[in-house]
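Spelled out, the chains give:
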Amino acid sequence: MSSQNYRIGLIHATMNSVQPILDAFQVHAPQVTLVNFMDESLIFELNETGIVTKGMARRLLNLVEKAVMSGVDGILLTCSSFTPVVSEISHLFDLPMLSADLSMLEKAVGMGNRIGVIATVEAAGPTTTTILKKISSKRQKDVSIKTIIIPEAFKALQNGDRAKHDELIHRKVQELTIDCDVILFAQFSMARALDTLDIKTTDIPILTSPEISVKSIIDEISKREIVYDKC
């Protein structure tokens with residue numbers, strides 16, 4: 001099977017993550033077929049609880065099961081707040097499954113020792129910071145992480161005020177540029193803010209996960225295909 005025939009299941013917890021990942025696939029892998037699965041109540045509950053509960057994990061598992069039953073070749077979760085759930089359930093399925101941000105976080109650790117994180121969902125900030133620390137510890141690399149959370153930006157996006165969402169993020173980019181080697185946007189929904197950013201305001205790399213995730217999930221499916229071909 002060539003990548004032109006891949007079917008990839010996208011698991012969403014918010015509408016705000018849908019367009020960024022669809023755009024990324026259109027640019028970097030327009031040949032694949034995408035199948036979307038959504039439970040937007042997850043992000044509303046997450047914003048209330050601040051943690052991923054067992055009930056929320058079960059609902060995510062249900063979405064993944066639906067994706068698998070639809071015949072996809074790989075699954076990508078598009079909400080970084082639920083990244084820890086992937087490691088808990090991925091072994092249950094015989095196909096590649098990636099979280100929204102893991103590949104981006106691994107790249108960030110490789111790019112510098114001072115990492116700036118911007119999130120707009122309360123739970124995404126601590127989750128991203130924890131994973132960065134685990135990656136750096138595994139690589140025996142000392143890194144400092146500065147995390148900024150802007151819940152009002154996510155609220156603005158939910159209310160349709162994209163300009164305010166982007167502006168709030170841009171302000172924090174300027175703050176982090178002073179003492180960071182690399183900045184990353186913790187969520188798919190934030191990727192649009194990079195498109196509207198005046199690149200003259202910063203001279204350090206800014207990472208967003210949609211593009212990196214597209215390439216990573218296709219690579220993982222391809223690797224699995226090669227292994228099966230050798231069997």
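That block above? That's the structure.
Let us look at the structure shown here. (Residues numbered from 1 in each chain as written. Predicted model: local features only at pLDDT ≥ 70, side-chain atom pairs only at ≥ 80, totals over all residues. Heavy atoms only, no water.)

The next subject is the environment of Arg224. Considering the arrangement of structural elements, one finds Arg224 in helix α10 (residues 209–230). Judged by its relative accessible area of 29%, Arg224 is partly exposed. Arg224 sits 151 residues away from Asp73 along the chain, and the two C-alpha atoms are 9.7 Å apart. Not counting the four nearest positions on each side in its chain, Arg224 is found in contact with Asp94, Leu95 and Pro96. (Helix = DSSP H or I, 4+ residues; strand = E, 2+ residues; numbered from the N terminus. Buried < 20%, exposed > 50% of the residue type's maximum accessible area, 1.4 Å probe, protein only. Contact = heavy atoms within 4.5 Å.)

Attention now goes to the packing of helix α5 (residues 102–111) against helix α6 (residues 124–138). Following both chains from N to C, one finds α5 and α6 inclined at 55 degrees, their axes separated by 10 Å at the closest point. Here α5 lies oblique to α6, going by the angle between them. α5 and α6 meet at a crossing whose hand is right-handed. In this structure, α5 uses Leu102, Leu105, Glu106 and Val109 to contact α6, whose residues at the interface are Thr128, Ile131, Leu132, Ile135 and Ser136. Considering only residue class, the contact of α5 with α6 consists of six nonpolar, two polar and one charged. (Axes fitted to C-alpha atoms, helices over the stretch in contact; angles between N-to-C directions. Parallel < 35°, antiparallel > 145°, perpendicular 65-115°, else oblique. Left-handed = near helix turned anticlockwise from the far one by under 90°. Nonpolar A, V, L, I, M, F, W, Y, C, P; charged D, E, K, R; others polar.)

So, on to the pairing of strand β2 (residues 33–38). When strand β1 (residues 7–12) meets β2, the two strands line up parallel, connected through six bridges. In the sheet register, Ile8 faces β2, and the bridge partner there is Leu34. (Pairing = 2+ DSSP bridges.)

The strands making up a sheet are joined through hydrogen bonds of the backbone, oriented either antiparallel or parallel. Pairing in this open sheet of four strands is parallel, and the strands run β2-β1-β3-β4 from one edge to the other. A single partner strand is all that each edge strand has here, and the edge strands are β2 and β4 (97–98). Those strands touched by helix α3 (residues 54–69) are β1, β2, β3 (74–77) and β4, and its axis lies near 160 degrees from that of β1.

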